[in-house]
Amino acid sequence: MRILLLGSGGREHALALKISQSELCDELFIAPGNAGTADCGTNLPFSVTDFDSIKSFCKSEKIDMVLVGPEEPLVKGVTDILHEDDELKNMKIIGPPKKAAQLEGSKAFAKAFMMRHNIPTATYKEFTLENYQEGVTYLQEHSLPIVLKADGLAAGKGVVICENPLEAIAEFELMIQRAKFGEASKKVVVEQFLKGIEISVFAITDGKNYVLLPEAKDYKRVGEGDTGLNTGGMGAVSPVPFVDAALMKKIEEKVVMPTVDGLQKEGIDYCGFIFFGLMIADGEPYMIEYNCRMGDPETEVVIPRLKTDLVELLVAAADGKLDKIKVETDTRTACTVVAVSGGYPGDYKKGYNIKGLADIDSQKSLLFHMGTIAEDGEIKTNGGRVLCISSYGHSVLEAVETSKKEMEKLFFTGLTYRKDIGFEFS
Ligand code: AMP
Ligand code: GLY
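Read on for a plain summary of the structure. These numbers come from a predicted model, not from an experiment.

1. What to know about the environment of L314
Part 1 of the argument: Residue position: L314 is located in helix 11 (residues 310-318).
Part 2 of the argument: Separated by 295 residues in sequence, L314 and I19 have C-alpha atoms that sit 9.9 Å apart.
Part 3 of the argument: Sequence-distant contacts of L314, defined by excluding residues within four places in its chain, comprise M65, L67, I94, I204 and F273.

As structure tokens, then:
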């Protein structure tokens, strides 16, 4: 098969590596990719939202399957645009259509969907300029802390947890009246705060059937001990030690099945990954958010644990045959540690040379590029999250220690990483 993968992060490097190992893959292209994906296939010089270039490339290169990595092209309708073209109507596309991608693209859409299908989640109300005053009263009277969420995509920054009503009202005003997140915060979801432990559960669905992939836990805060600003994710572990078969069964029955059934009942065609961001409180799962794609850096621990051929899995999803597939998982633990640019998640510089890449012990660890670029014969930093190192172990501690040891071999100006990934399981 000739496969096109859209994206440029660590998630895409992990997916590209796994796809390139499949006998079903004849040729792999990645748009735009990074310096790491270039070792798994051919990088292309266009962005994930350059739909005209994507379409022309799929036609001229006779692409059999497109796998969409990030949410932006999905929310903007890349699947619909490709499928609507007569010449491409038989091409397989892994990634939901625009309507279904609203599960990630609109918090209000996702919450209403959860309500319609009795999926456990925090209580909430939605507000716009029209019912602004009602919102202020709601915030004054609500128990604390309280969670404010910009409705639309806000580069992972649209959620604010407020500890007092004044702070909440100020934030509410910034979002709605002053368009803090532009169009994305014209509507705000105000939600009850849930206390618990967050985990990420992944399924791939063909619209009727689904299979689960290994679960993971992401470390979102920039600082050790889960302190400081939120990031895209500083590390991840899989499996999550406290997630047993009984909890997984509950998650499937209360969240995964009603979601897939709900999509089907509403006539929404969904072929692709569903990422369930869950809070586990007193042993019960609550939906925090849907994503219509895999997680990053979760993919960098989930994919290394997937023994099943990924292309076979993707083809089964596209052909509506996931009921015929059994997912096999490596029982070892995988952990990843992310190296970020100095200053991230605030301002940071790009373009520093990266040293030590060839020294990573590939018997022990997998090095995934996240924000890198090959330029003038050097590999340079090209993002906030630059690289991650995933390792296997018999425990979280063992896997993390291996990644940290390998990380010591890497250097670029400003490199930092969290040394305590998996701390609560050690
Ligand atoms: P989201 O973009 O919806 O994933 O939210 C970002 C982060 O905010 C989540 O990963 C949680 O850590 C936190 N969060 C979101 N909603 C809630 C909630 N209702 N209660 C507690 N924490 C939340
Ligand atoms: N690591 C969280 C995400 O991919 O959204």
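Continuing now.
2. A few points about the site of ligand 1
Part 1 of the argument: If you check the shell around ligand 1, you find 14 residues, and the closest are E191, Q192, L194, E198 and E289.
Part 2 of the argument: A distance of 3.2 Å is found between an oxygen atom of ligand 1 and a side-chain nitrogen or oxygen belonging to K107.
Part 3 of the argument: Contacts to ligand 1 include K220, whose side-chain N or O atom sits 3.1 Å from an oxygen atom.
Part 4 of the argument: Protein contact buries 90% of the 470 Å² of open area that ligand 1 shows by itself.

3. Describing the packing of aromatic side chains
Part 1 of the argument: On inspection of all chains with the given rule, the structure shows 11 aromatic pairs.
Part 2 of the argument: When the ring of F29 is compared with that of F57, the centres are 4.9 Å apart and the planes differ by 75°; the resulting orientation is edge-to-face. Taken together, the positions of F29 in strand 2 (residues 27-32) and F57 in helix 2 (residues 51-60) put the pair 28 residues apart, joining distant regions of the chain.
Part 3 of the argument: For F29, a relative accessible area of 6% corresponds to the buried category.
Part 4 of the argument: Each ring, one from F113 and one from Y290, has its centre 6.1 Å from the other, and the planes form 80°; the classification is edge-to-face. You can see F113 sitting in helix 6 (residues 107-116) and its partner Y290 sitting in strand 17 (residues 284-291), a full 177 residues away along the chain. No difference in accessibility class separates F113 from Y290, as the two residues are buried.
Part 5 of the argument: In textbook terms, an aromatic cluster arises when at least three aromatic residues are bridged by ring pairs, as seen for F127, Y132, Y138 and F172.

Conventions we followed
- Residues numbered from 1 in each chain as written.
- Chains lettered and ligands numbered in written order.
- Predicted model: local features only at pLDDT ≥ 70, side-chain atom pairs only at ≥ 80, totals over all residues.
- Heavy atoms only, no water.
- Helix = DSSP H or I, 4+ residues; strand = E, 2+ residues; numbered from the N terminus.
- Contact = heavy atoms within 4.5 Å.
- Near = heavy atom within 4 Å.
- Polar contact = N/O pair within 3.5 Å; in protein donor to acceptor, adjacent residues only side chain to side chain.
- Areas by Shrake-Rupley, 256 points an atom, 1.4 Å probe, with all protein chains shown as cover.
- Phe/Tyr/Trp six-rings, centres within 6.5 Å; stacked < 30°, edge-to-face > 60°.
- Buried < 20%, exposed > 50% of the residue type's maximum accessible area, 1.4 Å probe, protein only.

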